[in-house]
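Summary of structural features
Next come the chains, spelled out residue by residue.
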Amino acid sequence: MKLFPGLLFCSLVLGVSSQWYSFVGEAAQGAWDMWRAYSDMREANYKNSDKYFHARGNYEAAQRGPGGAWAAKVISDARENSQRITDLLKFGDSGHGAEDSKADQAANEWGRSGKDPNHFRPAGLPDKY
């Protein structure tokens, strides 16, 4: 009789544990997707392409599952918060003010929601990206 509750308990623990490992794996893969999009953005150095790369990174990360979407949100929010701090230290128009930050967040949310990131793709951006 003690065997049945023990088996039930073990199956619940293993089920929750496997979901946890899945979440962590998705988050790691999502973080990698975000890093790859950021690297591509730096490499492309194409005018007005940052929104596309934000949307693409968030989209690819969110496609991994809940862990990837979580990682994309954490990374996007951290990037925006660090950008706000550096904006305070800069004098003049850096092009990264509150309006640009809102547009970046809109692109991030667009990608995480599963919508096509090509909506933000600038004309003439090489097909490599």
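Nothing here was measured: the structure is a model prediction, and the numbers come from that model.

Let us look at the pattern of salt bridges. Under the defined criterion, the tally for this structure stands at 9 salt bridges. For Asp-40, the salt bridge identified is with Arg-56, shortest N-O distance 2.7 Å. Within this pair, whereas Asp-40 is found in helix 1 (residues 3–44), its partner Arg-56 is found in helix 2 (residues 50–62), the two being separated by 16 residues in sequence. One salt-bridge network, held together by shared partners, links Asp-33, Arg-36, Asp-40, Arg-56, Glu-60 and Arg-64.

Once that is clear, we can look at helix 4 (residues 98–112). The end-to-end C-alpha distance of helix 4 is 21 Å, a good match for the 21 Å that 15 residues give at a rise of 1.5 Å each. By the burial criterion, the buried members of helix 4 are Asp-100, Ser-101, Asp-104, Gln-105, Ala-107, Asn-108, Gly-111 and Arg-112. Angularly, the buried residues of helix 4 cover 160 degrees about the axis, an arc narrow enough to put them on a single face. Away from the buried face of helix 4 by more than 90 degrees, exposed residues Ala-98, Glu-99 and Lys-102 are located. Looking one or two residues past helix 4, Gly-114 carries a phi angle of roughly 95 degrees, positive in sign.

What counts and what doesn't
Residues numbered from 1 in each chain as written. Predicted model: local features only at pLDDT ≥ 70, side-chain atom pairs only at ≥ 80, totals over all residues. Heavy atoms only, no water. Salt bridge = Lys/Arg side-chain N within 4 Å of Asp/Glu carboxyl O. Helix = DSSP H or I, 4+ residues; strand = E, 2+ residues; numbered from the N terminus. Expected span 1.5 Å × (residues − 1). Buried < 20%, exposed > 50% of the residue type's maximum accessible area, 1.4 Å probe, protein only. Arc of directions from axis to C-beta.

Purely geometric numbers; function is a separate question.
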